[in-house]
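Results of the structural survey
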Amino acid sequence: MGNLPKVLACAENEHGPIVYLDFEYAQPTEAETAVWNQVSAILEEAHGILAELQSYNGAGQEIREAIQNPGDLQLQEKAWNAVCPLVAKLKRFYEFSLRLENALRSLLEALTSPPYAPMQHLEREQALAKQFAEILHFTLSFDELKMTNPAIQNDFSYYRRTISRNRLNNQQLEAENEVNNEMANRMSLFYAEATPMLKTLSNATTKFVSENKTLPIEDTTDCLSTMACVCRVMLETPEYRCRFTNTDTMLFCMRVMVGVIILYDHVHPVGAFAKTSKIDMKGCIKVLKEQPSNSVEGLLNALRYTTRHLNDDSTSKQIRALLQ
C-alpha cells in the first residue's frame, strides 16, 4: 500500500477507540485472499443489481389498463408480457440476497474467529472489513431504492394474481417454469419486508450466532460495535475525514455505521439503545444529524423503523427524542 496512511491506527479517548479504517484502498493480504476472492465475485454483481433496481420503472400503466378492461384479451396479454421480464428481474434480486447471505457468513467467520479481538481482526483483515462494509452499503442502498418504488410490490402482486386465476382455470403459463408457486411464495415473503436485504442480513447474523455455539455472542456483537465506532470516529474527526479522496466515502461511512447498528440491535440480547450497549448511539445519531437532511433521512428512518429495541423501556428518552 506504499505511502498510504496506516489503515488502522488506534488510541483511546472518552468515546472509545480513535481509529482510521481505509474504506478506499485496503488490499487483501495472502491470508485473506481465499475469502476476499469469494466475496469479491458477489460484490461485483452488487453494482449491476443496484443499477437495475434504480432503473426499475414497473408495468403500472399496462396493469391499470388490463384491470380496467378485464374482457380485453389483448390488454391482458400486453400487461402479462410487460410483467414477466420484471418478475424475472425480481427473482434475480432475491437469489442474489441468498448469495449475499453466504458472503456475510464467510466474513463473520473470518472477523470473529479466536484468538483475536475485534480490533485485532480489523487490523489484520482490513480488506475483509472493507468488504463487510461494502455489503452493508449495498444493503442499505438496495433497501432505500426498494422502499421508494411501489411498482415492485404492485408488479409482483399482479403476477401472483394472474397465476392464481389461471391455475383455477386449469391453465399453466410458461412464466411459471421460471417462477413457480414455491419460488413465488419465498419471493413474496422477501418483498413484503420494508427492508428485505437488511432483514436477510439480520437473519443471517442471528443464525450465525445460534449455529456457532462455541463462539461467544460477544465475539460477533463486539465486531459490529467496533465497526460502528470506527465509522463514527472517522466521520466526526476532521483529520480522518480529510483523508477521504472520494466524495462518496462520507455517505458510504454513514451507511455502514447505520447497517452495523441495526445488525447489532437485532443480534444483541438488549440491543443497541440500552445504556449497557457498546455503541455510542447519541454520538452516532449526532453525526448523522450534522449532515444535509436529504442525504441522511433514509438512514435515520432505518434506525427509527428497522431496529428492534428503540422502543424498549431501556432506551433513554434523550435517544428517542434525537430520532424524532
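Relevant structure appears above.
Now for a quick tour of the structure.

Definitions and limits used
Residues numbered from 1 in each chain as written. Predicted model: local features only at pLDDT ≥ 70, side-chain atom pairs only at ≥ 80, totals over all residues. Heavy atoms only, no water. Helix = DSSP H or I, 4+ residues; strand = E, 2+ residues; numbered from the N terminus. Rg over C-alpha atoms; globule rule 2.2 N^0.38 Å. Contact = heavy atoms within 4.5 Å. Areas by Shrake-Rupley, 256 points an atom, 1.4 Å probe, with all protein chains shown as cover. Lys, Arg positive; Asp, Glu negative; His and termini not counted. Charge placed at Lys NZ, Arg CZ, Asp CG, Glu CD. Disulfide = S-S within 2.5 Å. Buried < 20%, exposed > 50% of the residue type's maximum accessible area, 1.4 Å probe, protein only. Polar contact = N/O pair within 3.5 Å; in protein donor to acceptor, adjacent residues only side chain to side chain. Core = buried A, V, L, I, M, F, W, Y, C linked by side-chain atoms within 4.5 Å. Axes fitted to C-alpha atoms, helices over the stretch in contact; angles between N-to-C directions. Parallel < 35°, antiparallel > 145°, perpendicular 65-115°, else oblique. Left-handed = near helix turned anticlockwise from the far one by under 90°. Nonpolar A, V, L, I, M, F, W, Y, C, P; charged D, E, K, R; others polar. Salt bridge = Lys/Arg side-chain N within 4 Å of Asp/Glu carboxyl O.

Next up on the list: the overall build of the protein. Helix and strand counts for the protein come out as 14 helices and two strands. Here the C-alpha atoms of the protein give a radius of gyration of 22 Å, agreeing with the 20 Å that 2.2 N^0.38 yields for 324 residues. With the C-alpha coordinates of the protein rotated into their principal frame, the extents come out at 70 × 45 × 40 Å. Partitioning the intrachain contacts of the protein with sequence separation of at least 6 by distance along the chain shows that 75% fall at a separation of at least 24. When the accessible surface of the protein is summed, it comes to about 15,700 Å², and 50% of that surface belongs to carbon and sulfur atoms. Averaging the positions of the 32 positive and the 40 negative side-chain charges in the protein gives two centres separated by 5 Å.

Tallying each qualifying case throughout the model produces zero disulfides. The thiol sulfur of Cys229 is not disulfide-bonded, and the nearest other cysteine sulfur, from Cys284, lies at 7.9 Å. Judged by relative accessible area, Cys229 falls into the buried class, the value being 10%.

Turning to its location among the elements, Arg255 is positioned in helix H11 (residues 249-267). A polar side-chain atom of Arg255 sits 3.2 Å from a polar atom in the side chain of His137. Not counting residues within four places of it along the chain, the set of residues in contact with Arg255 comprises His137, Leu140, Ser141, Glu144 and Leu299.

As a further point, take the nonpolar core. If you look at soluble globular proteins, the nonpolar side chains tend to sit buried side by side. In this structure, Phe23 and Phe132 are the most contacted members of the largest nonpolar core, which totals 99 residues. Counting residues per element, this core draws most heavily on helix H3 (residues 73-112), which supplies 17 residues. In contact with Phe132, not counting residues within four places along its chain, are Leu104, Leu107, Leu108, Leu111, Leu224, Met227, Val260 and Leu263.

Once that is clear, we can look at the packing of helix H1 (residues 33-54) against H3. It is at 10 Å that the axes of H1 and H3 come closest, and there the two elements cross at 150°. One way to sum up the angle between H1 and H3 is to call them roughly antiparallel. Crossing of H1 over H3 shows left-handed handedness. Facing Val35, Gln38, Val39, Ile42, Glu45, Ala46, Ile49, Glu52 and Leu53 of H1, the residues of H3 in contact are Lys89, Arg92, Phe93, Phe96, Arg99, Leu100, Asn102, Ala103, Ser106 and Leu107. Broken down by class, the residue content of the contact of H1 with H3 amounts to eleven nonpolar, three polar and five charged.

Okay, the pattern of salt bridges next. For side chains of opposite charge, pairing can occur when their charged atoms come near one another. Scanning all chains against the criterion turns up 15 salt bridges. Note that Glu52 is salt-bridged to Arg92, the shortest N-O span being 2.5 Å. Taken as a pair, Glu52 in helix H1 and Arg92 in helix H3 lie far apart in primary sequence, 40 residues in all. Given the relative accessible area of 37%, Arg92 is considered partly exposed. In this structure, Arg105 and Glu109 form a salt bridge, with 3.5 Å as the shortest nitrogen-oxygen distance. Here Arg105 pairs with Glu109, and both are found in helix H3, just four residues apart, close to one helical turn. By relative accessible area, Arg105 is classed as partly exposed at 28%. On the basis of relative accessible area, Glu109 is assigned to the partly exposed category, the value being 38%. Salt bridges sharing partners connect three or more residues here, namely Arg105, Glu109 and Glu211.

So far we have only geometry, and geometry alone does not tell us how the molecule works.
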